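Coordinate analysis (summary)
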Amino acid sequence: MDFINENLLTILILLPVVGAIGLIGHQMFWKQESHLKWATLAVTAVVFLLSLLLLGDKAMSANGFYFEKNFVWIEAINTNYHVGVDGLSLWLVILTTFIMPIAVISTWHAVEKRPTAFYVFLLLLESAMLGVFVSLDLLVFYLFFEASLVPMFFLIGIWGGANRVYAAVKFFIFTAFGSLLMLAAIIGLYYVHADATGLGTFDYVTLMNTIKLGQLSFTSELATAGTLMFLAFALAFSIKVPLFPFHTWLPDAHTEAPTAGSVILAAVLLKMGTYGLMRFCFTIFPEQSREFAWIFIILAIVGIIYGALVAMVQPDVKRLVAYSSVAHMGFVILGMFSFTEWGMQGAVYQMLNHGVSTGALFLLVGFIYERRHTRAISDFGGLANVMPIYATLFVITAMSSVGLPFLNGFVGEFMIMLGMWKSTILSVTATANWNYIATMFAGTGVIFAAVYLLWMIQRVFFGKVTKDENRTLKDLSYREIGLMLPLLFLMVYMGVYPKPFLDRSRDAVVTIQEKVLHRSGGTIAHGTEGKH
């Protein structure tokens, strides 16, 4: 048990890789495909159960991380294998391991073409995503960040819909372009640190200590270099979120991806962008984060409203849910750049909420697509008469996405808007109230979300059955209901009792908030508020 605790994060990363190798070996020697899904499910279930050990009591390291492991990887360039978790990454790791078994079960009867490759890519994707959230060395982070791109590219390109190749290539080009800019910035950081201290490093903790000691600051003569590196990081992460106007790859990727791919994309992959902004941009480039905050806030509000309005006119249910992600992730960006504790805590919570609720919506869309092989809203109508269980679960999930009180979406959005309301980051003068205006505009997104989701529900589920093909549809199976139950439980539990989640993330969020607001010599009063 001591060995597991000492190496828990490494085990979580490597176990899916070992499982993938096992699947390849099984196929090479036995050529039986019937056990592939069971083996993949077993691996992802074990990884999830092991990840729950992260919730246990363990002493924090001097660097502020738990389960930290650090040893030299490539000595010539001073690169370490350095991993650890804090309150920001903890829940994202558990969200990843929680979603993966659900994604595997959702494919139970859906994958007929090249099942070995499909499940291998799923496991490799899980390993890469976990690596992103626990890496504390920038070069290692980049390698995992880029590695997560490849399995998803193949999942969309091979097992996707009719336009899968176009969607996969578009997804790859957008995200790879941003990643390459980030790599250039990481290399730039290495040399800037070398100039400041005599030794280059990719280690995040070392960079933080150097900045804390005042040996490195992206002001005065390094301001231009800091701005360019910040913009490179921010662009890479904004594409991954995706933030308007870098969102155009997302609807195509979601629409063409297989159900499991859409669930993972919505629940986990998008969070890599918001996580990167908070972890690296806010702490390494605090001055630039504050300087450009107004741009991110404007783009977030535009994304909230634009995503909702475009979702209203979508004729395809899956594409509607995809555009809703643009709006929901806009709320996350808004909360982060409020630089208030409430707003940033709400942003972290909304990352989890979006993963649960939107992941569930994509599952439900996949269920009906398997039965009807269409997602066009006009092809349905009156489904509540034929599939009452399906209709009930869909309505509950949609209400969670809208932000109905006592469901998870309400808590995150309320905290974000309260944090933005109290923020002073937009104040140009002592009497400026731009934060109020920003909050009110963002609030319209909640209204629009109710419009596009309720209108879609009305057309799909209520009224008379208008198509003969829908009269004989079977309601959800026990497997499908079982898939939805843990997600529904979380929607209610997180909506009624968010305290355990917020308590775990608070220290890390406050630490990041202090770094982004108090870096440049004095105390900056943006976004201070009382404790809750």
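Above this text is the structure in question.
Report follows, based on the coordinates. Computed from a prediction, not measured in an experiment: that's the story for all the values here.

The secondary structure content of the chain amounts to 23 helices and two strands. For the chain, the C-alpha radius of gyration of 23 Å lies close to 24 Å, the compact-globule estimate for 532 residues. Scored against the burial criterion, the 532 residues of the chain give a buried share of 61%. The long-range fraction of contacts in the chain, counting pairs at least 24 apart against all pairs at least 6 apart in sequence, stands at 80%. Total accessible area on the chain is roughly 20200 Å²; 67% of this is exposed by carbon and sulfur atoms. Counting 31 positive and 31 negative side-chain charges, the chain places the averaged centre of each group 8 Å from the other.

Scanning the model with the defined rule gives 39 aromatic pairs in all. Taking the centre distance of 5.5 Å and the plane angle of 90 degrees together, the rings of Y204 and F280 count as edge-to-face. In this pair, Y204 is assigned in helix α9 (residues 204–212) and F280 in helix α13 (residues 271–284), connecting sequence segments 76 residues apart. Comparing Y204 with F280, the two get one shared label, buried. For the pair F230 and F296, a centre-to-centre distance of 6.3 Å together with 70 degrees between the ring planes defines the contact as edge-to-face. Taken as a pair, F230 in helix α10 (residues 223–240) and F296 in helix α15 (residues 293–312) lie far apart in primary sequence, 66 residues in all. F296 sits in the buried class, given a relative accessible area of 8%.

For helix α16 (residues 317–336), spanning 20 residues, the distance from its first C-alpha to its last is 29 Å, which sits close to the expected 28 Å at 1.5 Å a residue. Counting buried residues along α16, 19 of its 20 residues qualify, which places the element largely inside the surrounding structure.

One ladder, built from six bridges, connects strand β1 (residues 66–74) with strand β2 (residues 79–85); its direction is antiparallel. Bridging across to β2, V72 finds its partner in N80. Taking the residues that link successive antiparallel strands as the turn, the β1-β2 hairpin has four residues, and the phi of N78 there is positive, at about 60 degrees.

What counts, and at which threshold
- Residues numbered from 1 in each chain as written.
- Predicted model: local features only at pLDDT ≥ 70, side-chain atom pairs only at ≥ 80, totals over all residues.
- Heavy atoms only, no water.
- Helix = DSSP H or I, 4+ residues; strand = E, 2+ residues; numbered from the N terminus.
- Rg over C-alpha atoms; globule rule 2.2 N^0.38 Å.
- Buried < 20%, exposed > 50% of the residue type's maximum accessible area, 1.4 Å probe, protein only.
- Contact = heavy atoms within 4.5 Å.
- Areas by Shrake-Rupley, 256 points an atom, 1.4 Å probe, with all protein chains shown as cover.
- Lys, Arg positive; Asp, Glu negative; His and termini not counted.
- Charge placed at Lys NZ, Arg CZ, Asp CG, Glu CD.
- Phe/Tyr/Trp six-rings, centres within 6.5 Å; stacked < 30°, edge-to-face > 60°.
- Expected span 1.5 Å × (residues − 1).
- Pairing = 2+ DSSP bridges.

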